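Listed below are the residues making up each chain.
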Amino acid sequence: AGADDERARAAMPVTIFGKYVGVVGGLFGFGVHAYSNAVRKVRITFRPWEIPIAVGLGYYAFTWWDGICERAAEKHKVLLAERIANNQEAVPPPRPMPLQPR
C-alpha cells in the first residue's frame, strides 16, 4: 500500500494548481489572447484561429513548468537524503543534558 501511495503522490502535479494545472494554463493562454486583442482594440474573435492556439500554448507551458517543478522536487529529496546521511557520520547526535538542580 505504501508504494501505491507514493506512486500516486508522484503522479500529482507539484505546483499550487494541483491537478488543474492544464486548465489554468489554458485559461491563462486565453486571457493573454484577450488582453492582447483588448490592447489592440479589436474583438476577442478578430482572428478566431488564434484562440485555440493561445489556449494550447498556455496548457503546454503550464504542464511543462509543472514537470520542471516535479523534477526539481525529486532532485531536492535525493540531495537532502544524501546530506542527512553524510552529516550523521560527521556530527554525533546531541547527548541528553542531565537535569540541573535549581
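Residues numbered from 1 in each chain as written. Predicted model: local features only at pLDDT ≥ 70, side-chain atom pairs only at ≥ 80, totals over all residues. Heavy atoms only, no water.

**Some points on helix α3 (residues 50-90)**
To be explicit about the condition: The helix and strand labels rest on DSSP assignments: H or I over at least four residues marks a helix, E over at least two residues marks a strand, and numbering proceeds from the N terminus. Multiplying one less than the number of residues by 1.5 Å gives the expected span of a helix. Partly exposed residues are those whose accessible area sits between 20% and 50% of the maximum for their type, while under 20% is buried and over 50% is exposed, using a 1.4 Å probe and protein chains only. We call two residues contacting when some pair of their heavy atoms lies within 4.5 Å.
Relative to the 60 Å expected for 41 residues at 1.5 Å per residue, α3 spans 59 Å between its end C-alpha atoms, a close match to the ideal helical length. Residues of α3 that are buried include every one of I51, A54, G58, F62, D66 and G67, and no others. Looking at the buried residues of α3, the elements they touch are α2 (21-39).

**Let's talk about the side chain of H33**
Inspection of the secondary structure assignment puts H33 in helix α2. Judged by its relative accessible area of 6%, H33 falls in the buried class. Discounting chain neighbours no more than four positions away, the residues touching H33 are I44, R47, E50, I51 and A54.

Scope: geometric values only; no functional claims are made or implied.
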